[in-house]
Structures are given as structure tokens and as C-alpha cells.
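What follows is the residue order along each chain.
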Amino acid sequence: MQRTLTTVAAGSASSLTAHVPKNDIQKRHKVIRFGTLHETGIEEEDAKYRYLHQRKDLKVSKGDIPIGFEAFLPLDEGHNLFLETREGGGEDYRQSTVPQYLVSWKKDREVLGQGDGDGWHNSLDDLWTSVLSHFDRRNLLSETTLEYLDADPFVLFGIDDPVTQQALRKLQKFPCLVCMESVPNFDEWAQYLRIDSLDPEMKWLVQAFAETELPKPWTCYKGVGSIVCYIHSDNGRVTWKHPFYDYFRQLRDFCQEAHMQGRHEEVMKVRVNRLLWTYEATRVETDASQDPLICPEYLARLADIFGYDIKVSGCIVRNLKAQLKIFARSYREHQDVDMSDVVNCAETLQRDVEKYAEMQDHWISRVKEDARFDLTLLANGELQCVNCGTIALCFCLECKDYLCLKCYGALHTKGSRAQHAPFQLVPCALCENKPAKLHCTFTDKSLCHKCYAMDHIKQLPSDGKENQPRRIDYLQQYNRYADFARDRNSKRRGGSSLPQLDMGAVEQDYEAVLSNDWHPFYDTRGVKFYHNFVTGERMRQSPRKPPNEADAGAERDGEAVDAEELLDGDGASGTGFTSQGSQMRGFLGITSDKLRQMQPLALDGYDALETSPKARTMAAMSPDMRALRAPHRKHQPFEVNPL
């Protein structure tokens, strides 16, 4: 490059380097972003962000070097050459900042030239010389292109251009919307309104500005420097100013002042008025397809006005509907919302959230602790009956109470309690008040540790003492019993199940009741539907199971499962019998009359659980007994007399 470097005074304490570019440069640059001016009020530092060009014809041009400037230069080879600027620091932390430059090319922005670790350089002259040397050594560009690029980069990329300098002066006085993509993002709208994008109290205002449609006959397009320009189609007037910019600017000033003075209710009132005004405006334009005011969209927006996320706080939906009706009635009458209604709504929603949190704490934490099924303590005889205070031998899976056998029989004889599912231990055959832990294989008796060691083993003959007792595994019994009961109830009640020992199912049941995410609404035709704010789903059918009289295909209460399904399922494998119904009938030899006369008796041996027919099997084999609700037995395990 041919350059003449001279020193020109600029002010009393600064000097600038004067460039001598070509006089006949054809402009090809395209400005992507103009950037901003660097002004600190310190003359020495601001002078570093200015340039001064003196041409051969003695014409002098001066201007400012913007920060955040970005432009590209299309080349004849089909690639683009990019130039970016930023504010950079000096060599020492005590020094003032200086402009830095970055040159890249191609679509993937390959960095060119020598600079710091990331490619930025403090001197554009040195950087541009290095870039041209790189192209020349590798023979990447033609001679015509290199001849064109052998000029001042300030002129090539448009920094020394009257349009750029005029735009920088205008941007300093008037704000504009910069759109780097096809649609402006949230940060660009916030910068246009001069609002911090991280301010949670003003986020709604930026979002409302972004969602506001242009009034007729205004349209917009993306102009030079990625600036959004608004054009009036009737008179052709073009401006950078949004038609509603003054309105949102005044609203911004009002909200910022109200938040600083603690008048948050006034901001809520303005937002509620805007919500109802938006609904009225859209209803006029789309009256035929307009959703009712009480719809999921407006409820979610009303919850956001009062600082709640409706996906998390689903308990406030009912009161949101009531308060929205109050606001709508007041707005229709006075074209304004009463401040007392806003304050009352805020207090009501806060009270609902506090009550919901208290209910969650009670039902999820305290009740879960009280309802925990501790099988170890129950089998060790360390738990007492909640009714009489004696040693508990059973646990009601629905009442969540520990009871002795006598009290359980007295409390579960009538009403819905008669259908409860208990888990009962085997009482000791000698003391009869402690749970049995060992089963004697010689005498076929179940005894506790004390009775077996102190009394029973002394009465056995010598050959009986050689037989080791079998330990009764109550955990295995419960798991087998609960698995079948869960499968049975899932078919009868649509998925309900008995609790596990770790209470995992109980937690899910409580959570399902407390976090009711489905809420009813009505569409434009007045048809009821259900909306889930968490997943965004909608459905016509109620999420709750329909009653039997309304659903002809629903399973009737007390209806048993088909016999073939029971025999072929997993439950039949635990009995040790084959899946053939005829073989089962022949093996059992039980008639319907005998089954009606049979009553649950005490268990003589632990092996009876594996060899005796279960209640579900007997109910499946006899059509008359299908009203039985297997496996809800009165004793588990139980004893059956030989037939």
C-alpha cells in the first residue's frame, strides 16, 4: 500500500494519524451494525476514538470510530471480508481504552492478520497490512481484487463514510430498534426502550412492546445497519420511531417511579387495565373466533401480573376466574379498574398460596410420617394397638393403623371398613399375643422366639430337635400380597394401588390430589373442556374417571377378572398349579355350596400359603363367587381345614 503518514494536531493534548487513501474508491461495503459512539468526557481518551484523513487533493475528512461497528465487503471471488470494532484496554491497566479491530472472511468468519490471542489488534493500519500480505503470499485473491483492497480500510468498510457518521450522530440522539436476525429478540427490544433486560419488574413491559402490532397503515422493514425502519404507506414517510414508542416510554417512566416509591399496586392496576383493553381490542377485530375472557391465556397473564406462575401455583386458578370477572365488570362500567379490587385480589391470592403450602406440608410431610408402614417393628412385636394398647398383629393398609386381631375384627365389620385390606401376622401358637417368627417343621406350629426356645423345643423328641425351624419371612408375604392387590385394584379402580413399604405410592397419591393441574373452561361455542397449565394439553373428556352409569363400558364395581386371565397371569404361577381350568377344578374338588359355607380360620402351618388355593383362584373358578373381592382376606396368611 502507498500511504503518507503525517501528524495533525487535534485539540491541545492529542494528535491523530492522517491517512492518504485513494481518491477514486468504488464503495461496495455493507454495514451490518453501526455501533455507538465512545464518549467519556475526557478529551485525551475520546481523541483516540477519532480519525482524521487528508487526501492528495488536500481535502480533509474527520469523524469518530464507533464501538460495535460491523461491516462486510463482498469480493469478486464470492467471499465476504468482515471488519469489527470494539472497546479495548491499553497495554497497562492504568492506561485508557483504545479501539480494537478484527478482520475475518468467508462464511465461517476465519480470522485474518496478526493480533492478540483472539485476533483483535489496536492498530488498523498494521492489521490491514498483515491481511494484504496474507492474501498476497498465498495467492488467494486476484490481482484486481488486491489492487482494489490496497486502500484505506476506514474508507473500504464505510467508517469514513458520511452516511455512517450521520447515522452515529442520529443514534446518539434518537433510539432505534436494531435487529440482527430476522426478528428482533428480547434484548434488542429492551435496549430500544432503554431498559435492563435482566430487570424482572420491567420484563413484562418489554414483552408487551414486542407483542404490540403496528397500527394501519404502518409497516416496517430492515434497513441499513440492521435498523428497523417504519414507513407510513399513505404518505411514504419513513422513521426509526415505533408508532407506539412514546406510549411505552411514558409507561416505562411511570412504572420505574412507582417501583422506586413502593407503589406496586398502581403498576398492577395499569397492567390489569391493559389486559382488559387488549381483550376488548381483539374482540372487535375477531368477534367470531374470539375466546371468552375466562380462558387459560388470560388467566396465565393475570397470574403473572400478581407475580405468580400458574404452572406452579395451580391452586389460585379458581380465585383468578372470580377476580377476572370482577375486573371485567368494573372495566365495562367505568373503563377503569378499582384500586380496592386490585389490593383485594393480591391479598386473596397470597392467602390461597399460603394455605396451599400449609396443606402440602401437612399432608405430604406429617401424614406420610404417621402412615409409614414399619414392617420390622411390627414383626418384632414392638408396636402397640392404637385401640387397646396391646401388641399389634396387623396393619390396615387403608386406615394406616396398627391393631390387634380382636380390635381389627371389631372395627372392620360394617360399612366401607369391611372392604379394607389388612396385612396380618401369624400369632404365636403358645402365648397368642406375640407375632410368630419361627415355624416348626416337625409339629407344624408357628411360634415366637421366646416360646420356641423356652418351651416348645423342650417338648420335642430327640429326632424332632434335629429339624431346624423355618424362619417366617413377612416381607416376602407382604410383597406378594401387595403386588396382587395392586394389579387387582388397577383393573377394578383404574390404577389405584396399595402403598409400598417405602410409601412411594402414597406420596404419588397425595401429590396427585394436591397438585390438581386440570381446570375446566368453556370455548367459544360454550362447550366445556379441560386445560392443563403444566403440559399445555387440552381435552374434552374429564381427567377424572367417569361414573359407571355414564360410561357403559366402564367396569362394574365388584366385577371380577376373567378366570382364564387370572390363571394365565403372574398370580397363578405363585400357586404351583397349571393354567388349565379343568385341572384346577379336578384338583380342588370344591363346589359353590362348599365355598359359601367356608369361613377363614387360623393357619396351622406356613406352607399353607403355597399349597392352599387363594381367594382369587376360588372366585375365578366359581361364577357364584365372583362377587368376592380377592385378595382382601380377613387373615393373611390364613389356615384352611383339609377338605
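Residues numbered from 1 in each chain as written. Predicted model: local features only at pLDDT ≥ 70, side-chain atom pairs only at ≥ 80, totals over all residues. Heavy atoms only, no water.

(A) Main features of unusual backbone geometry. Pro217 follows Lys216 through a cis peptide bond whose omega is 5°. Along the chain, Pro217 turns up in the loop between helix H7 (203–211) and strand E10 (218–222). Positive phi, normally seen in glycine, also occurs at Arg109, with a value near 55°. Here Arg109 shows up in the loop between strand E8 (98–105) and strand E9 (110–112). One non-glycine residue with positive phi stands out, namely Gln335, at about 55°. Examined against the element boundaries, Gln335 turns out to sit in the loop between helix H11 (317–334) and helix H12 (339–370). (Helix = DSSP H or I, 4+ residues; strand = E, 2+ residues; numbered from the N terminus.)

(B) Up close: the pattern of salt bridges. This structure, assessed with the given rule, holds 17 salt bridges. Linking Arg109 and Glu70 is a salt bridge whose minimum nitrogen-to-oxygen distance equals 2.9 Å. Placement of the pair is Arg109 in the loop between E8 and E9 and Glu70 in strand E6 (residues 70–74), with a sequence separation of 39 residues. Residue Asp246 pairs with Arg249 through a salt bridge whose shortest N-O separation is 3.7 Å. Of the two residues, Asp246 and Arg249 both sit in helix H8 (residues 245–260), 3 residues apart, roughly one turn of that helix. Residue Asp246 is classed as partly exposed on the basis of its relative accessible area of 30%. Beyond isolated ion pairs, a larger network of salt bridges with shared partners links Arg33, Glu70, Glu84 and Arg109. (Salt bridge = Lys/Arg side-chain N within 4 Å of Asp/Glu carboxyl O. Buried < 20%, exposed > 50% of the residue type's maximum accessible area, 1.4 Å probe, protein only.)

(C) Quick peek at the packing of aromatic side chains. The full count for this structure, using the stated rule, is 15 aromatic pairs. Measuring from ring centre to ring centre gives 5.0 Å for Trp189 and Phe209, while their planes differ by 70°; the resulting arrangement is edge-to-face. Of this pair, Trp189 sits in helix H6 (residues 186–192) while Phe209 sits in helix H7, and the two are 20 residues apart along the sequence. Each member of the pair, Trp189 as well as Phe209, carries the same accessibility label: buried. Here a set of aromatic residues connected by ring pairs shows up, and it is made of Trp189, Tyr192, Phe209, Tyr245, Tyr247 and Phe248. Above the face of the Tyr148 ring, Arg28 is positioned so that its terminal group lies 4.1 Å from the ring centre. (Phe/Tyr/Trp six-rings, centres within 6.5 Å; stacked < 30°, edge-to-face > 60°. Lys NZ or Arg CZ within 6 Å of the ring centre and 35° of its normal.)

(D) Fine view of the layout of surface pockets. Taken as a whole, the largest pocket holds about 1500 Å³ of empty space. Residue lining of the largest pocket: 44 residues in total, with Ala208, Glu211, Arg274, Thr278 and Arg301 positioned closest to the centre. Those elements giving two or more residues to the lining of the largest pocket turn out to be H7, H8, helix H9 (264–285) and helix H10 (296–305). A total of 11 residues in the lining of the largest pocket trace back to one element, the largest contributor, which is H9. Classifying every residue of the lining of the largest pocket gives 21 nonpolar, 9 polar and 14 charged. (1 Å grid on protein atoms, 1.4 Å probe; cavity = no way out; pocket = protein on both sides within 12 Å on 5 of 7 lines; lining within 4 Å. Points joined across faces, edges and corners; volume = space filled by probe spheres on them. Nonpolar A, V, L, I, M, F, W, Y, C, P; charged D, E, K, R; others polar.)

(E) Spotlight on the sheet that holds E10. Across the sheet, which stays open at both edges, the 3 strands sit in the order E10-E11-E12 with antiparallel pairing between neighbours. Looking at strand neighbours, the two that pair on one side only are E10 and strand E12 (238–239), the edges of this open sheet. Alignment of strand E11 (residues 228–232) against E12, held across 2 bridges, turns out to be antiparallel. Across the sheet, residue Ile231 finds its bridge partner in E12, namely Val238. (Pairing = 2+ DSSP bridges.)

(F) Looking closely at the environment of Tyr522. Within the fold, Tyr522 resides in strand E19 (residues 518–522). For Tyr522, a relative accessible area of 47% translates into the label partly exposed. Distance in space between the C-alpha atoms of Tyr522 and Asp291 is 8.6 Å, their sequence separation being 231 residues. Other than its neighbours up to four places away in sequence, Tyr522 contacts Pro292, Val527, Lys528 and Phe529. (Contact = heavy atoms within 4.5 Å.)

(G) Focus on the nonpolar core. Residues Leu81, Val103, Trp128, Phe135, Leu149 and Leu156 are the most contacted members of the largest nonpolar core, which totals 39 residues. Contributions of two or more residues to this core are made by E6, strand E7 (80–88), E8, helix H2 (124–138), helix H3 (143–149), helix H4 (153–156) and helix H5 (162–173). With 6 residues, the top contributor of residues to this core is H2. Ile294, Leu302, Ile316 and Val342 belong to the second largest nonpolar core, which has 30 residues in total. (Core = buried A, V, L, I, M, F, W, Y, C linked by side-chain atoms within 4.5 Å.)

(H) View of the environment of Glu466. On the secondary structure map, Glu466 appears in the loop between helix H16 (462–465) and strand E18 (470–471). Residue classification places Glu466 among the exposed positions, given a relative accessible area of 64%. Spatially, the C-alpha atom of Glu466 lies 9.5 Å from that of Phe442, the residues being 24 residues apart in sequence.

(I) Quick look at the pairing of E7. Relative to E7, E6 runs antiparallel, the two being bridged by 5 bridges. Bridge assignment links Pro74 to a residue of E7, and that residue is Asn80. Between E6 and E7, which follow one another and run antiparallel, lie 5 residues, and Gly78 among them has a positive phi close to 100°. Where E7 and E8 come together, 8 bridges link them in antiparallel fashion. Bridge assignment links Leu83 to a residue of E8, and that residue is Val103.

(J) Region of the structure containing the pairing of E19. In this structure, E19 lies alongside strand E20 (residues 528–532), joined through 5 bridges in antiparallel fashion. Residue pairing across strands places Phe521 opposite Phe529, the latter belonging to E20. Remark: 5 residues form the turn of the hairpin made by E19 and E20, two consecutive strands paired antiparallel; Gly526 in that turn has positive phi of roughly 80°.

(K) Structural detail: the sheet that holds E8. Strand order in the open sheet formed by 5 strands is E3-E6-E7-E8-E9, with antiparallel pairing between adjacent strands. Two strands lie at the open edges of the sheet, namely strand E3 (30–33) and E9, each paired on one side alone. Recorded for the sheet is a direction-independent mean angle of 30° between the axes of neighbouring strands. In the packing of H2 onto the sheet, the strands contacted are E7, E8 and E9, and the crossing angle to E8 comes to about 15°. (Axes fitted to C-alpha atoms, helices over the stretch in contact; angles between N-to-C directions.)

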